[in-house]
Amino acid sequence: MAATAADVRRIAAAGKIASVCGIEGGHQIGGSLRCLRMFHALGVRYMTLTHNGGPGWADPAVEKDGRWASSAPNGGLAPFGGAVVAEMNRLGMVVDLSHVHHETMAAALDASRAPVMFSHSSTRALCAHPRDVPDDVLVRLAENRGVVMIVFLSKFVAGEFW
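Given the structure is predicted, the values throughout are model-derived calculations rather than measurements. (Residues numbered from 1 in each chain as written. Predicted model: local features only at pLDDT ≥ 70, side-chain atom pairs only at ≥ 80, totals over all residues. Heavy atoms only, no water.)

A. Seen up close, the packing of helix α2 (residues 33–41) against helix α3 (residues 79–91). One way to put it is that α2 packs onto α3 with a least axis distance of 11 Å and a crossing angle of 25 degrees. When the interaxial angle is binned, α2 and α3 end up roughly parallel. α2 and α3 meet at a crossing whose hand is right-handed. Residues Leu33, Leu36, Arg37 and His40 of α2 form the contact with α3, whose own contacting residues are Phe80, Ala83, Val84, Glu87, Met88, Arg90 and Leu91. Classifying every residue of the contact of α2 with α3 gives seven nonpolar, one polar and three charged. (Axes fitted to C-alpha atoms, helices over the stretch in contact; angles between N-to-C directions. Helix = DSSP H or I, 4+ residues; strand = E, 2+ residues; numbered from the N terminus. Parallel < 35°, antiparallel > 145°, perpendicular 65-115°, else oblique. Left-handed = near helix turned anticlockwise from the far one by under 90°. Contact = heavy atoms within 4.5 Å. Nonpolar A, V, L, I, M, F, W, Y, C, P; charged D, E, K, R; others polar.)

B. Spotlight on the nonpolar core. Counting 28 residues, the largest nonpolar core has Leu36, Met47, Leu49, Trp57, Val84, Met88 and Leu97 as its most contacted members. Looking at this core, the elements with two or more residues in it are α2, α3, α4 (102–111) and α5 (135–144). Here Met47 is in contact with Ile23, Gly25, Gly26, Ile29, Leu36, Trp57, Val84, Met88, Met93, Val94, Val95 and Asp96, once residues within four sequence places are set aside. (Core = buried A, V, L, I, M, F, W, Y, C linked by side-chain atoms within 4.5 Å. Buried < 20%, exposed > 50% of the residue type's maximum accessible area, 1.4 Å probe, protein only.)

C. Representation of the side chain of Thr48 in the model. Within the element layout of this structure, Thr48 appears in strand β2 (residues 46–48). Reaching out from Thr48, the side chain makes a polar contact with the backbone nitrogen of Gly25 at a distance of 2.5 Å. One polar contact links the side chain of Thr48 to the main-chain carbonyl oxygen of Thr50, over a distance of 3.3 Å. Residues in contact with Thr48, not counting those within four places in the same chain, are Ile23, Glu24, Gly25, Gly26, Asp96, Ser98, Ser119 and His120. (Polar contact = N/O pair within 3.5 Å; in protein donor to acceptor, adjacent residues only side chain to side chain.)

Spelled out as structure tokens, the structure:
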């Protein structure tokens, strides 16, 4: 397990694959920055702000029932969502924008003072899934020095086959 960038480099130099602990969905912190800090103390180093369905403070790309989210009622991030991003930056946790609404991508990039990532997304130019990253966000991501890690699941890279 890797807890720092130095750990990742050391493990990779030894010819091994580093693994970093993360949380899938901001709902896991139960609306509590204290809980976020506890997860960090336990070794968590990144968190996706939403999953399917949002935590109430960050807008998801897809609703809990699987429907594509037609709007972003928080404008991407509610004030508490901005506080979550700020606390993650302070702790050294990476903000993961996979699963979030386009407006959340923009709001998180506005709020973050550190590089962000998309741990398992694709590009919307290749596949028009709402979870995928549109070109305007890719430009901002380059400016942020963030990364997109491509997910190899057909519906995110080629669309549905039925």
